[in-house]
Amino acid sequence: MAIRALIFDRDGVLTYFALAEAAAFFRPLLPISIWEMAQEWQAFGEARGFPTSVDDERRFFAAFWEQERTRHSLSPAQYEALLALDYTHFVRPFADAEAALRQARQAGYRTGVLSNFSLASLDASLHAAGLAESVDAACAATVIGASKPQPAAYDRIAAMLMVEPHECLFFDDEPICVAGAQAAGMYACLVDRRRQDSDVAAGVIHSLEMVPAVIERLAG
């Protein structure tokens, strides 16, 4: 199989969210836990519709924090601190992410990110994590109007990378998204960071350091 592009999910594969730091930030600003805020965020997005552009995302944040200000009787200082928040400050790269992307580019592969993240600022989050320079194209589900495991999501990132789906190697931490990539014609591999080792033959790796081994097996 001739692979021309490598595609990665963001959360759980390339990056993680610094929950402890985020919780510490929100603690003096909201009388609820970060988990309760996340539930309110999800309900707000489902009712309003998640943002489909970066400009819409700014309006989305402003409307959500206005809801929280009213609902929880926040002080002006608390409200202003929330309005000034840039969530990308809490996006962290896994230790193996930057090297995996850089080495893929150096080896001549095109690189992409396909994420079901509910915000439009996928590119900004990759910049914040120090990964953007090694990514050729990035697709957020809310922007493209399709989410994994829908075939249209995989077709869109392949088109952006100017390759066919069967020329793509896809990495995700959710089995249903791996299965969706396979159904779309891609070779796909599960990333399970809870494991201590990888089973390349079974299409499961525990670290992105194993990406070359997956490519080698396909080439063989």
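Going by the structure above, here's the rest.
Small disclaimer: the values here were computed from a predicted structure and weren't measured.

1. Observations concerning the sheet that holds strand β1 (residues 5–8)
Strand order in the open sheet made by the six strands is β5-β4-β1-β6-β7-β8, with parallel pairing throughout. The strands lining the two open edges of the sheet, one partner per strand, are β5 (137–140) and β8 (204–205). Summarising the sheet, strand β4 (residues 110–115) and β5 pair through four bridges and their orientation is parallel. Of the residues in β5, the one forming a bridge with Ser115 is Ala140. Along the sheet, helix α8 (residues 151–160) contacts β1, β4, β5 and β6 (168–172); its crossing angle with β5, the most-contacted strand, is approximately 155°. Docked against the sheet, helix α9 (residues 175–183) engages β6 and β7 (187–191), running at close to 170° with respect to β7.

2. Side note on unusual backbone geometry
A cis amide bond links Lys148 to the next residue, Pro149, at an omega of 10°. Within the secondary structure, Pro149 sits in the loop between α7 (141–144) and α8. Even without a glycine there, the phi angle at Ser73 is positive, about 50°.

3. As for the side chain of Lys148
Mapped onto the elements of the fold, Lys148 is located in the loop between α7 and α8. Polar side-chain contacts of Lys148 include one of 2.9 Å to the side chain of Asp9. Setting aside residues up to four positions removed in sequence, Lys148 forms contacts with Asp9, Leu114, Ser115, Asn116, Ala153, Tyr154, Phe170, Asp172 and Cys177.

4. What to know about the packing of helix α2 (residues 34–48) against helix α3 (residues 54–72)
The geometry of α2 relative to α3 is characterised by a closest axis approach of 11 Å and an angle of 125° between their N-to-C directions. If you check the angle between α2 and α3, you find them oblique. As for how α2 packs across α3, the hand of that crossing is right-handed. The residues of α3 that touch α2, namely those facing Met37, Glu40, Trp41, Phe44, Gly45 and Arg48, are Asp56, Arg59, Phe60, Phe61, Ala63, Phe64, Trp65, Gln67, Glu68, Arg71 and His72. Classifying every residue of the contact of α2 with α3 gives eight nonpolar, three polar and six charged.

5. What to know about the packing of α3 against helix α4 (residues 76–83)
Close contact between α3 and α4 brings their axes to 10 Å; oriented N to C, the two are set at 155°. The angle between the axes of α3 and α4 places the two elements in the roughly antiparallel class. Every pair of crossing elements has a handedness; the one defined by α3 and α4 is right-handed. Only Tyr79, Leu82 and Leu83 of α4 make contact with α3, whose side of the interface consists of Ala62, Trp65, Glu66 and Arg69. For the contact of α3 with α4, the per-class residue count stands at five nonpolar, no polar and two charged.

6. Considering helix α10 (residues 211–219)
Each α-helix turn comprises 3.6 residues. Residues three or four places apart therefore point the same way. What α10 keeps buried is the set Val211, Val214, Ile215 and Leu218. Seen from one end, α10 has its buried residues packed into an arc of 100°, which puts them on one side. Buried positions along α10 lie against β1, β6, β7 and β8.

7. Brief notes about the environment of Phe50
The topology assignment puts Phe50 in the loop between α2 and α3. Judged by relative accessible area, Phe50 falls into the buried class, the value being 19%. Those residues in contact with Phe50 that lie beyond four places of it in its chain are Trp41, Gln42, Gly45, Asp56, Phe60, Ser118 and Thr142.

8. Some details on the pattern of salt bridges
This model, assessed by the stated rule, comprises 15 salt bridges. The partner of Asp55 in a salt bridge is Arg58, with the nearest N and O atoms 2.4 Å apart. With Asp55 and Arg58 both in helix α3 and three residues apart, this pair spans about one turn of that helix. Judged by its relative accessible area of 45%, Asp55 is partly exposed. Across the pair Arg102 and Glu98 runs a salt bridge whose closest N-O atoms are separated by 3.0 Å. Taken together, the residues Arg102 and Glu98, both in helix α5 (residues 97–106) and four residues apart, mark about one turn of the helix. For Glu98, a relative accessible area of 32% translates into the label partly exposed.

Reading guide: rules and limits
Residues numbered from 1 in each chain as written. Predicted model: local features only at pLDDT ≥ 70, side-chain atom pairs only at ≥ 80, totals over all residues. Heavy atoms only, no water. Pairing = 2+ DSSP bridges. Helix = DSSP H or I, 4+ residues; strand = E, 2+ residues; numbered from the N terminus. Contact = heavy atoms within 4.5 Å. Axes fitted to C-alpha atoms, helices over the stretch in contact; angles between N-to-C directions. Polar contact = N/O pair within 3.5 Å; in protein donor to acceptor, adjacent residues only side chain to side chain. Parallel < 35°, antiparallel > 145°, perpendicular 65-115°, else oblique. Left-handed = near helix turned anticlockwise from the far one by under 90°. Nonpolar A, V, L, I, M, F, W, Y, C, P; charged D, E, K, R; others polar. Buried < 20%, exposed > 50% of the residue type's maximum accessible area, 1.4 Å probe, protein only. Arc of directions from axis to C-beta. Salt bridge = Lys/Arg side-chain N within 4 Å of Asp/Glu carboxyl O.

Everything listed here is a matter of coordinates, which is why it stays silent on function.
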